[in-house]
Amino acid sequence: MTTRKNTKKPEVSGDELKEFYREMLLIRRFEEKAGQLYGMGLIGGFCHLYIGQEAVVVGLEAAMEDGDRRITSYRDHGHMIACGMDPKGVMAELTGREGGYSKGKGGSMHMFSKEKEFYGGHGIVGAQVPLGAGLAFAQKYTGGDRVTMTYFGEGAANQGQVYETFNMAALWKLPVIFVIENNRYAMGTSQARATSSKDIHTRGEAFGIPGEMVDGMDVLAVKEAGLRAVAHCRSGEGPYILEVMTYRYRGHSMSDPAKYRTRDEVQKMREEHDAIDHVRKLLIDGGFASEDDLKSVDKDVKDIINEAADFAKESPEPALEELWTDIYA
Amino acid sequence: MARMTMIEAIRDAHMIAMEEDDTVVVMGEDVGYFGGVFRCTAGLQKKFGVERCFDTPISELGIVGTAVGMAAYGLKPVVEIQFADYMYPGYDQIVSEAARLRYRSAGEFTCPLVIRMPTGGGIFGAQTHSQSPEALFTHVAGLKTVVPSNPADAKGLLLAAIADPDPVIFLEPKRLYNGPYDGYHDRPSVPWSKHPDGEVEAGRYETPLGKARVVREGADATLITYGTMVHVALAAVEDSGVDVEVIDLRTLLPLDMDTIAASVNRTGRCIVLHEATLTSGYGAEIAALVQQDCFYSLEAPVLRVAGWDTPYPHAQEWDYFPGPARVRRAIDTVMKE
């Protein structure tokens, strides 16, 4: 069974690097703004920020093509932005407004976009994994070579339904890529405290599903692994597992003080392994961009996020009838 | 006596049960090292060791199933499911195994298992962190179902549940963890330290399963409820100016029908209130029993006030939530007849 480590750095163009930089920054600034709006009481309830994990979705989206699908858990803002959903609609869903993707009825964890092939946003740990296999089943059934990225965390990897899904996906050779975003902590429980083996990507072996571990703080490595996984699925070989090693800088949700890890640990990741800093350095050192170029990207991103925040504040609350729309039984 | 939040009272009950009986073990997601997402098990692992208070993977089916096996062997597992909404993967084990073990072994095995779950809304948790699934348990023969409404009861009921030889589903209204909640979301919240039910007796005491509590005596109508809605009911009754008796069921099964019937036979009017959706909710069971036992005393049809038959919305939480205004309307209606 293949368990590959990435050894060589891929060739990458300046334009692509700039695009990576912009996308990752867009996600980070979006999340920072969401955190601020939460602090101001404009967002209520549950809000799980993606800060630190940006390279995962940005790298994998770069390996995907039109018609490919994605589905994820409740830490979903980054996935939506990376697949091209409008930050305005995402932010307005967080604030529970009419202009949100689910008209305020879903909230942070529950939104969708048919247009962008984004199938949610699911609030129950692991519940989206069988759905991802179902999406891939439909892709195979209707012909063509499109694939589904099915994201879940290392905590969700202990849900029984994940293994029921692995079996069916392998049995029916479904074009599904199981992306395990391993950010090391399932809420407040570290991987070591709840998971019997260190290598989650090998868990497909019993089902004949190849897997590999990827450095999720390196967007280029993520993209390369994504391309391998996508090629495998497109060729009709069935599912593929990517365990992407990443890190969330913030708590599990807004109410989590994150006392289960040290400040030093977080600081070290931020300082030494930050995915955005990494690309920034590649851009500057490679002569692909000047500080001024990047400043202008920063400003563009900031404008988009401020617009999104304004929209999310100004969009009206949903009408009372909305409570009873889409109800059929 | 000490002032406690519901969280502290639940933690205290765990402490006492674990001190007294080393077959009591506590397990669940984040309960050990982290102390529980709502802090109900904080300090247990430190005090009793990792063997008796331990973290599980996010595997509700496996957690409940393992606990059933432990219970069958004579341990007393107290399981925390992090949110009642996460229970569904474990539901098969709850229904098919835990609830049925005594019956199908003709009494040879029992399943002394407590499954605690934070329940209900009021914290903007949207559809996957706000549900009230109690009727899914009361519908299953073989489960006792408990819903405390205050710290003092939470401690006494939890100790009774742990002492019980059979499986008990213990639903903790998460909106009440830190203070009573009367449904007026725009008013400042009151902490338990300023509420008489925040006074909790030290040491062991049990609040018996199957014994309701009349929280407000009244002559004109009976309002039957439990959990968070007890406080909503009291606020609504205060505002209505009608002399309504309010009954806190405390346990849904076993049900204290004697207290209910005595009250309704006296007042002749009855409203049932719960946060869970209306259709096939536990209110339907109460309404059916009331018409059966109190038919000739009734002056008006039994009314139900409940969550709407919709998923729990994110933005429109307070439109969904059966707050004091809806309860007052029901009081007006039941009094008109």
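Being a predicted model, the structure only gives us computed values, none of them experimental. Throughout, residues of each chain are indexed from 1 in the direction in which the sequence is written. Following the order in which they are written, the chains are lettered starting with A and the ligands numbered starting with 1. The model is predicted, so local features are restricted to residues of pLDDT at least 70 and side-chain atom pairs to those at 80 or more, both for listing and for counting; the totals for chains, interfaces and linings are taken over all residues. Calculated side-chain values reflect all of the structure's heavy atoms, with hydrogen atoms and water omitted.

## Things to note about the overall build of chain A
Piece 1. On a plain count of helices and strands, chain A comes out with eleven helices and seven strands.
Piece 2. The buried share of chain A, reckoned over its 329 residues, is 57%.
Piece 3. Here a residue-residue contact requires only that any non-hydrogen atoms of the pair lie within 4.5 Å. Put simply, 75% of the contacts in chain A that link residues at least 6 apart link residues at least 24 apart.
Piece 4. Values of accessible area rely on a 1.4 Å probe in the Shrake-Rupley scheme; residue burial ignores everything except the protein chains shown. Summing over all exposed atoms, chain A offers an accessible surface of approximately 13,700 Å²; the carbon and sulfur share of this is 51%. What counts as a helix is a DSSP run of H or I of at least four residues, what counts as a strand is a run of E of at least two, and both are numbered from the N terminus. Working definition: with a 1.4 Å probe on protein chains only, accessible area under 20% of the residue-type maximum means buried, over 50% means exposed, and in between means partly exposed.

## So, the sheet that holds strand β3 (residues 176-182) of chain A
Residue and element names in this part refer to chain A.
Piece 1. Only strands joined by at least two bridges in the DSSP assignment are considered to pair. The strand order across the open sheet built from five strands is β1-β2-β3-β7-β6, with neighbouring strands paired in parallel fashion. The outermost strands of the open sheet, each flanked by one partner alone, are β1 (69-71) and β6 (211-215). Mean inter-strand twist for the sheet, computed between neighbouring axes without regard to direction, equals 20°.
Piece 2. In the sheet, β3 pairs with strand β7 (residues 240-245) via six bridges, with the strands oriented parallel. Residue isoleucine 180 lies in a different strand from β7, and its bridge partner there is glutamate 243.
Piece 3. Along the sheet, helix α6 (residues 160-171) contacts β2 (148-153), β3 and β7; its crossing angle with β3, the most-contacted strand, is approximately 150°.
Piece 4. Lying over the sheet, helix α8 (residues 219-234) contacts β2, β3, β6 and β7, oriented at roughly 170° with respect to β7. Simply put, an axis is a line fit to the C-alpha atoms, just over the touching stretch for a helix, and the angle between two N-to-C directions goes from 0 to 180 degrees.

## Topic: the packing of helix α3 (residues 60-72) of chain B against helix α4 (residues 91-98) of chain B
How two helices sit against one another is set out by the angle between their axes and by the gap between those axes.
Residue and element names in this part refer to chain B.
Piece 1. Packing of α3 against α4 brings their axes to within 8 Å, and their N-to-C directions diverge by 25°. It follows that α3 is roughly parallel to α4 by the angle criterion. Packed against α3, whose contacting residues are Leu61, Val64, Gly65 and Val68, the element α4 presents Asp92, Gln93, Ile94, Glu97 and Ala98 at the interface.
Piece 2. Residues of the contact of α3 with α4, tallied by class, amount to five nonpolar, two polar and two charged. Angles below 35 degrees are treated as roughly parallel, those above 145 as roughly antiparallel, those between 65 and 115 as roughly perpendicular, and all remaining angles as oblique. Amino acids are sorted into nonpolar (Ala, Val, Leu, Ile, Met, Phe, Trp, Tyr, Cys and Pro), charged (Asp, Glu, Lys and Arg) and polar (every other residue, Gly among them).

## Re the nonpolar core
Piece 1. Counting residues in each nonpolar core, the largest one holds 125 residues, and the members touching the most others are Met117(B), Leu223(B) and Leu249(B).
Piece 2. Here the element with the most residues in this core is helix α1 (residues 6-20) of chain B; it accounts for eight residues.
Piece 3. These domain boundaries are the output of an automatic or database domain assignment. Three or more residues apiece are contributed to this core by two domains, here domain 1 (2-200) and domain 2 (213-336) of chain B.
Piece 4. Excluding its chain neighbours within four sequence positions, the residues that come into contact with Leu249(B) are Lys211(B), Ala212(B), Ile224(B), Thr225(B), Tyr226(B), Leu255(B), Ile260(B), Tyr282(B) and Ile286(B).
Piece 5. Grouping buried Ala, Val, Leu, Ile, Met, Phe, Trp, Tyr and Cys residues that are joined through side-chain atoms within 4.5 Å yields what is termed a nonpolar core. Counting 72 residues, the second largest nonpolar core, distinct from the first, contains Met111(A), Ile177(A), Met217(A) and Val230(A).

## Focus on the pattern of salt bridges
Piece 1. In the sections that follow, a salt bridge refers to a side-chain nitrogen of Lys or Arg positioned within 4 Å of a carboxyl oxygen of Asp or Glu. Applying the stated criterion across every chain yields a total of 39 salt bridges over all chains.
Piece 2. A salt bridge links Arg70(A) to Glu61(A); the shortest N-O distance between them is 2.7 Å. With respect to burial, Arg70(A) and Glu61(A) carry one shared label: buried.
Piece 3. Residue Arg216(B) is joined to Glu238(B) by a salt bridge in which the shortest nitrogen-to-oxygen separation is 3.5 Å. Note that Arg216(B) is positioned in strand β9 (residues 213-216) and Glu238(B) in helix α8 (residues 229-240), a separation of 22 residues in sequence.
Piece 4. Several salt bridges converge on common partners, so that one network encompasses Glu65(A), Asp68(A), Asp145(A), Arg146(A) and Arg234(A).

## Points about the confidence of the model for chain B
Piece 1. For every residue, the predictor assigns a confidence score, pLDDT, that lies between 0 and 100. For chain B, the average pLDDT comes to 97, and 100% of its residues sit at 70 or higher.
Piece 2. If you check the scores for this complex, the pTM reads 0.93 and the ipTM reads 0.89.

## Regarding the environment of Ile304(A)
Piece 1. With respect to the element layout, Ile304(A) can be found in helix α11 (residues 291-314).
Piece 2. Other than its neighbours up to four places away in sequence, Ile304(A) contacts Arg22(A), Leu26(A) and Pro87(A).

## Quick word on unusual backbone geometry
Piece 1. Between Leu253(B) and the following residue, Pro254(B), the backbone shows a cis peptide bond with an omega angle of -5°.
Piece 2. In this fold, Pro254(B) is placed in the loop between β12 (251-253) and α9 (257-267).
Piece 3. The phi dihedral of Lys173(A) is positive, around 45°, even though this residue is not glycine.
Piece 4. Within the fold, Lys173(A) resides in the loop between α6 and β3.
Piece 5. In this structure, Asp326(A) is a non-glycine residue whose phi angle is positive, near 65°.
Piece 6. Its place among the elements puts Asp326(A) in the segment after α11.

## Some details on the sheet that holds β9(B)
All names here are of chain B.
Piece 1. The five strands are arranged β9-β11-β10-β13-β14 in an open sheet whose pairing can be described as mixed. Since the sheet does not close on itself, it has two edges, and those belong to β9 and β14 (303-307), each with one partner. Across the sheet, the axes of successive neighbouring strands diverge by a mean angle of 25°, strand direction being ignored.
Piece 2. Relative to strand β11 (residues 244-248), strand β10 (residues 221-225) is paired through five bridges, and the arrangement is parallel.

## Notes on the interface of chain A and chain B
Piece 1. Taken together, the contact between chain A and chain B spans 35 residues of the former and 32 residues of the latter.
Piece 2. Note on terms: buried area is the combined drop in 1.4 Å-probe accessible area of two parts once they are placed together, counting the loss on both. Summed over both sides, the interface of chain A with chain B buries roughly 2,700 Å², with 66% coming from carbon and sulfur.
Piece 3. Looking at the side of chain A that touches chain B, the elements with two or more residues in it are α4 (87-94) and α7 (191-194) of chain A.
Piece 4. Looking at the side of chain A that touches chain B residue by residue, the class counts come to 17 nonpolar, 13 polar and five charged.

## Comments concerning the packing of aromatic side chains
Piece 1. Aromatic rings from Phe, Tyr and Trp, with only the six-membered ring used for Trp, were paired whenever their centres fell within 6.5 Å, and each pair was classed as stacked if the ring planes differed by under 30 degrees, edge-to-face if by over 60, and tilted otherwise. By the definition in use, this model includes 23 aromatic pairs over all chains.
Piece 2. Centre to centre, the rings of Tyr185(A) and Tyr260(A) are 5.2 Å apart; their planes meet at 45°, and the pair counts as tilted. Linking Tyr185(A) in strand β4 (residues 185-186) with Tyr260(A) in the loop between β7 and α9 (263-273), this pair joins segments that are 75 residues apart in sequence.
Piece 3. A relative accessible area of 5% means that Tyr260(A) is categorised as buried.
Piece 4. On the basis of an interplanar angle of 75° and a centroid distance of 5.5 Å, the ring pair of Trp318(B) and Phe321(B) is categorised as edge-to-face.
Piece 5. Owing to a relative accessible area of 2%, Phe321(B) belongs among the buried residues under this scheme.
Piece 6. Grouped by ring-pair contacts, the aromatic residues Phe46(A), Phe38(B), Phe83(B), Tyr86(B) and Tyr177(B) constitute a single cluster.
Piece 7. Only when the NZ atom of a Lys or the CZ atom of an Arg is both within 6 Å of the ring centre and within 35 degrees of the ring normal do we say a charge sits over the ring. Over the ring of Trp308(B) we find Arg326(B), and its NZ or CZ is 3.8 Å from the ring centre.

## A look at the side chain of Thr189(A)
Piece 1. Here Thr189(A) lies in strand β5 (residues 189-190).
Piece 2. Polar contact criterion, stated in full: a pair of N or O atoms within 3.5 Å, where within protein one must be able to donate a hydrogen and the other to accept it, and residues adjacent in sequence count only if both atoms are side-chain atoms. There is a polar contact of 2.5 Å between the side chain of Thr189(A) and the side chain of Asp30(B).

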